[in-house]
Every structure is written in C-alpha cells, then in structure tokens.
Amino acid sequence: MSEINPESSTPSDLPRVSAVVLAWGAEPLLRRSVEALLASVKIDVDVVLVDNGCTTDDVTVLREVPGVTVVGDGSNVGFSAGCNIGVAAADGEYVALVNGDAVVEPTTLARLVEELTDPSIGIAAGAVRLADEPDLLNSRGNEVHVLGLSWIGGFRERETRTEPTETAGAMGACLVTRRAHWDRLKGFDPHYFAYHEDADLSIRTWRVGLRVVNVPDAVALHRYEFSRNSLKFYLVERNRVMFVATTWGARSLVLLGPPLLALELAMLALAARQGWLADKLRGYRWLWQHRDHLRRRRARLQAERTVPDRVWMRVLTDRLDTPLINPPGRTVFNAVLSAYWRTVRRWV
C-alpha cells in the first residue's frame, strides 16, 4: 500500500479531501472540530460547514476562517440531507464526514485516505473514542443485524487492534470515501433524516463488491451521549423497517419473514410497555404514506446490487449484543434467531 510523503509533496500533489461538518444546535466542540480538521497533515483539506440549525455564533465565526465554506440556510434538515448538501458543495476527490462533536487527530484523515488507495475498499472509518475517556472506544465500527438493527461495536472497550478490520457498518461520526463512490450510491436517502443512514451506505457498499474497514490508528474523539427520546424511538424503528424493506433481496425477506414479524410484534409490546407506542405507530403511518418512495428506492437498490445476498450478508450478525440496551428475553432471542439463521441462510 502506498504511503503519503509530506516532505516530497506540494499541496497540489496531496490528496484533496473535503470534510463535511454539520453545525446543529449549540455544540461546544464545533470550533475545535473544524480547527482539528484544518490542521490535518499529509492531505490538502478544506471544510464544508453546513448550517443545519446552529443556535450560536459559531457559523458566523467559522465562515471567516480560511479553508471553510459555509452552506445551508440554517434549517435543520437532518443528518442525511445535511450531509448531502455538504457533499454537493465539496470539490475534493475524497469526502470525509465528521461530526461537529468529534475531534480528529492530525493524521486521521490521511490514514483513512491511505486505506482507500486499496481499490477493494469503499469506505474507511476512524476508530471513534470517547472524548471524556479517550482510552475507551466509542465505536470500532457498527454492527448490523440480519433483521436490520444496528448499533455501535466495541463500546467502552480498549483498543487492542493493530491493523484495520472489516466492519459491517461505518459510524457516520468519522469516515472517508471517494467522491466517485458517494456519487455512485447517490449519497444518503434524505428521508432517513437521522439514524441508519450510515448503515444503509455501508451495506450498499458491500452489495456493490467493495469493503468497509475500520482503522484503529485513525482516531477521533467523540462527545458521545446515548439518549432515548420520543423522536429517536420514532426514527430508529421507522428507519430500520425502511432499511430492510429496500435493501434486503426478495428471497432474504421471505426467509427472514417469520423473525421479522416476531421482531415487529416484540417491538410493539416493548413500545407499549415503555410508553412510546404512539411513536412506533407513527412510524408505520409514515411508511405507508411514503410507500411509493420506498417502492422506487427498492427498485433502484436492487438494480445496483452486484453481489448476491448470500455473499454480502456474511458481514451481518445474528446476535443482539450491545451493552447499551438489554431488552427482556435477549438471551432467548439470540439463541432462537441464531439457530434459525444458520438453518435458512444456505437458501438466501
């Protein structure tokens, strides 16, 4: 794999990276995030800052910083559409998505670009660590379940890897891809608004024959807070159904039909028990109202796939294994689903 030598390169010779950052609300790390990106070494970097509903003067201040371009009208259009706006205004050969509450190390972006010199890799993601406990991981890549659930992998673990590892999903807080690959997949579906859009982009990368890797020495410190609220319940569950319904092949949906139905019934019961049933039902209503969009999107995603489900689905997990949530019956759920998936996956 080739390496970037800053001593023998002029700025025009270095890889051109446009880093897209969303400014939303009052984010105390936003200025540090942008400054850290501009201080990146071994690459020629600029920052596209999307005003996605910033409530402080940060956008006004950062607009005057050399290397920063501000786009967006100040409306919160969501993470998905906001990133699309930012990438549309970018001119780098590579596109980086970095959260406004994440601070990269000086070599992080260059290290991710270096991985992308391997033509088999479509997305290179950083090892995201907890800002307040930098010895612990926030994510070493995201897990994606055969039923469409997705969560951060390696939460609060210590980094033990020395080489990049394949991952089902790249965490949207810090990733780099080629602009050509982003354009090929047409970026994020803005209908996601937030949650699951990074899983969608990652799995579609696997489905077109490219790999997603997480790079342990490409570090970003993330001010992470795990939250539960009405809007999140609504979006996570709605988007999970949209993700599976448009991305999984027809045979996979048929074979996974029984556990998918069982999961929906379990989620309805859990929602009723925990008080967010209205949000779950609101998600169904949205899916029905946007059924034409889902139909068109499914047709496009099935047409773009070049790798059979039985091949790309090897990156999925059949176990719900995260310390962030512990739903009742998880042990039984894992045992039954694992046995079922081992039985049917040969026919996918």
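Residues numbered from 1 in each chain as written. Predicted model: local features only at pLDDT ≥ 70, side-chain atom pairs only at ≥ 80, totals over all residues. Heavy atoms only, no water.

(A) Looking closely at the overall build of the protein chain. Along the backbone of the protein chain there are 13 helices and twelve strands. A globule of 348 residues ought to have a C-alpha radius of gyration of about 20 Å, and the protein chain, at 20 Å, matches this closely. Taking the principal axes of its C-alpha atoms as reference, the protein chain extends roughly 60 × 45 × 40 Å. Expressed as a percentage of its 348 residues, the buried residues of the protein chain come to 54%. Looking at the protein chain alone, contacts between residues at least 24 apart form 77% of all its contacts between residues at least 6 apart. Put simply, the protein chain shows about 15300 Å² of open surface, and 54% of that area lies on carbon and sulfur atoms. Positive and negative side-chain charges in the protein chain, numbering 42 and 42 respectively, have mean positions lying 11 Å apart. (Helix = DSSP H or I, 4+ residues; strand = E, 2+ residues; numbered from the N terminus. Rg over C-alpha atoms; globule rule 2.2 N^0.38 Å. Buried < 20%, exposed > 50% of the residue type's maximum accessible area, 1.4 Å probe, protein only. Contact = heavy atoms within 4.5 Å. Areas by Shrake-Rupley, 256 points an atom, 1.4 Å probe, with all protein chains shown as cover. Lys, Arg positive; Asp, Glu negative; His and termini not counted. Charge placed at Lys NZ, Arg CZ, Asp CG, Glu CD.)

(B) Quick peek at the environment of Asn99. Relative to the assigned elements, Asn99 resides in the loop between β4 (94-98) and β5 (102-104). Look at Asn99 and you get buried, because its relative accessible area is 18%. Sequence separation of Asn99 and Cys174 is 75 residues, and the distance between their C-alpha atoms is 6.7 Å. Each residue touching Asn99, except ones within four places of it in the same chain, is listed here: Val21, Ser33, Phe79, Gly172, Ala173 and His222.

(C) Structural view of the pairing of strand β11 (residues 174-178). When you tally the buried positions in β11, you get five out of five residues, the bulk of the element. Side-chain alternation along β11 places Cys174, Val176 and Arg178 on one buried face and Leu175 and Thr177 on a second face that is also buried. Relative to β11, β4 runs antiparallel, the two sharing five bridges. Within β11, the residue paired with Ala96 across the bridge is Val176. Of the pairings in the sheet, the one linking strand β6 (residues 121-130) to β11 comprises three bridges and is antiparallel in character. Bridge pairing in β11 links Ala125 to Leu175. (Pairing = 2+ DSSP bridges.)

(D) Summary view of the confidence of the model for the protein chain. Residue-level pLDDT values for the protein chain average 94, and 96% of them are 70 or greater. The low-confidence segment residues 1-8 (pLDDT under 50) makes 13 contacts with residues lying over four places distant or belonging to another chain. (pLDDT = per-residue confidence, 0-100.)

(E) Here's a closer look at the packing of helix α7 (residues 230-247) against helix α11 (residues 291-304). Relative to each other, α7 and α11 sit at 50°, their axes nearing to 8 Å. On the basis of their axis angle, the class for α7 and α11 is oblique. Here α7 contributes Met242, Ala245, Thr246 and Thr247 to the contact with α11, which in turn contributes Leu294, Arg297, Arg298, Leu301 and Gln302. Of the residues contributing to the contact of α7 with α11, the split by class is four nonpolar, three polar and two charged. (Axes fitted to C-alpha atoms, helices over the stretch in contact; angles between N-to-C directions. Parallel < 35°, antiparallel > 145°, perpendicular 65-115°, else oblique. Nonpolar A, V, L, I, M, F, W, Y, C, P; charged D, E, K, R; others polar.)

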